[in-house]
Amino acid sequence: PHQSNSASRTRKAGAAMQGASEAPAAGSSGSERAGAVSQQKAPLTPRGAAVRTSLTKWAACRWKRPPPDARPTIYISGYGFYPTGDAPVDPVKAKAKARWKLVSKFLRPSKANTDTESDLVGGDKELNAVSVRRHASFNLFPTTKGEIEKEEDGWHASYEWIHYDTSSSGRKLEEGEGGSTRVSVRQRVGGKVTIKDMEEARKSGVDTTGTVCLWPAEEVMAHYLLEHAQDFEGKNVVELGAGVGLAGLALAARAKANCILLTDGNATCVASLAVAVEHHRSHSALLTNQVECRELIWSEGLSRLDIPRAGTYDYVVAADCLFFRDYHKALVHTLDTLLAEGGKALIFQPPRGETMAKFRTHAEDKFEIEREDKYDDRVHAIHSELLAAAGGAADESYNPDIHYPVLLVLKRKPRSISQPSWATMSRGGRHMGTANCPCCKGRKNLMF
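I will try to describe carefully the structure that is included in this document. (Residues numbered from 1 in each chain as written. Predicted model: local features only at pLDDT ≥ 70, side-chain atom pairs only at ≥ 80, totals over all residues. Heavy atoms only, no water.)

## Here's the deal with the packing of aromatic side chains
Working step 1: One pass over the full model with this rule turns up seven aromatic pairs.
Working step 2: Measuring from centroid to centroid gives 5.6 Å for F348 and Y375, while their planes differ by 80°, and the two rings are edge-to-face. Placement of the pair is F348 in strand β10 (residues 339-349) and Y375 in the loop between β11 (367-372) and α14 (377-389), with a sequence separation of 27 residues. Y375 carries the same exposure label as F348, and that label is buried.
Working step 3: Arranged with centres 6.3 Å apart and planes meeting at 15°, the rings of Y375 and Y404 form a pair that is stacked. Of this pair, Y375 sits in the loop between β11 and α14 while Y404 sits in the loop between α15 (400-403) and β12 (406-412), and the two are 29 residues apart along the sequence.
Working step 4: Judged by its relative accessible area of 9%, Y375 is buried.
Working step 5: Directly above the ring of Y159 sits R186, whose terminal nitrogen or CZ lies 3.9 Å from the centroid. (Phe/Tyr/Trp six-rings, centres within 6.5 Å; stacked < 30°, edge-to-face > 60°. Helix = DSSP H or I, 4+ residues; strand = E, 2+ residues; numbered from the N terminus. Buried < 20%, exposed > 50% of the residue type's maximum accessible area, 1.4 Å probe, protein only. Lys NZ or Arg CZ within 6 Å of the ring centre and 35° of its normal.)

The following block contains the structure:
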């Protein structure tokens, strides 16, 4: 309003000045009046013409609405008002809105949201642009869906059994040997997450993504373990961040390990894992007799007294467990606590930008680290086909940085045992390497 009043005053003042200049003075002669008329018809200066043009456009915009594509954007105190009626799309706000829409699909207990995973994410281009689960599987194992279970507390969450045929990976089971090539895992229908899950995640600091679905890195790790099942014969194995537990259950069903411990930091995941283990045990589908489940939260204060058999595990396996960088140091300490002398950790992990590199900086002090990009011919062939389908570059459906797991092999370095101070310090001018025992007051020389 103050702008319109100012313009009105400007017009009135201009008109008054123009009238004063154009009106002939009293008693003026005819020649003077003729000069005034000629001066009135004189053309405007360039600046005056520009001012008149701008005022004309302003009046047209003010009193007669121009076409939508010609309407200007008016900014007042940093806020934009759009006469067109629709503000330009803010890409940051649009992505945030899409993420909330994605969350609502997993929280809202509607029938429309309990369809297949491809309908939840892959079928919606808007959600596909913000979800990292655009590549759901490497299709290493044929799958069939089983029965659906309702949760007892009725919090709108239900589980379904997914049966994996692992016969295409690893050695063939001999007749009468036992075990099974069919591995059944228990996961949420439609990737549902409940308010109860969110409350539990807030208490423990560990989310429930493990129960939502099978992630590609876990699938690849299961295939790799079966292809190298002979390496785990008679060994102690622990899986970190097991989630639905396909890799650990597949290894227990196809290899005669001494013991296999499935762990996760979320109590809901562990409870679901325990149901799956009992299901396989009741069907005599396990070659490994000792298969246990346990809740394990990584911590820098973790000791060997907190975990059964800690310090005796020959292998620690994990898939896609480096996402949260705040837990990298805790994970390194947990690996060091669990592994036996000469033990190995097999971590299948997409690079995810600098995530893997940052983890390696923390782990290099205690472990010798090797990275393998082509660790299995079949997995690498599928990876190459996916890249070729995308024209040799990452696209929305498959991005190797977040979808293709590389293998990190961590071998624990020998522990350095420091000698006591009285054995390493020289006394009485003696050289390092010989020392006097403080108990015998120099009567014995100890050689180290």
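Let's pick the thread back up.
## Regarding the sheet that holds strand β6 (residues 236-240)
Working step 1: As summarised here, the arrangement of the seven strands in space is β8-β7-β6-β9-β10-β12-β11, forming an open sheet in which the pairing is mixed. Because the sheet does not close on itself, it has two edges, and the strands there are β8 (290-295) and β11. The mean angle between the axes of side-by-side strands here comes to 15°, regardless of whether they run parallel or antiparallel.
Working step 2: Two strands pair when backbone bridges link them, and strand β9 (residues 313-319) and β10 are joined in this way by six bridges, in the parallel orientation. Paired with V316 across the bridge in β10 is A345.
Working step 3: Strands in contact with helix α11 (residues 267-282) are β7 (259-264) and β8; relative to β8, the strand with the most contacts, it is inclined by about 165°.
Working step 4: Sitting on the sheet, helix α12 (residues 328-338) touches β6, β9, β10, β11 and β12, and the angle it makes with β10 is about 140°. (Pairing = 2+ DSSP bridges. Axes fitted to C-alpha atoms, helices over the stretch in contact; angles between N-to-C directions. Contact = heavy atoms within 4.5 Å.)

## Section: the sheet that holds strand β3 (residues 143-150)
Whether parallel or antiparallel, the strands of a sheet pair through hydrogen bonds between backbone atoms.
Working step 1: If you trace the three strands from one edge of the open sheet to the other, you get β3-β4-β5, paired in antiparallel fashion. A strand with exactly one partner marks an edge of an open sheet, and here the two such strands are β3 and β5 (182-188). Across the sheet, the mean angle separating the axes of adjacent strands is 25° when strand polarity is ignored.
Working step 2: Pairing of strand β4 (residues 158-165) with β5 involves seven bridges; the strand directions are antiparallel. Its bridge partner being in β5, I162 is matched across the sheet by V185.
Working step 3: Where helix α10 (residues 246-254) meets the sheet, its contacts fall on β4 and β5, and the angle it forms with β5 comes to roughly 160°.

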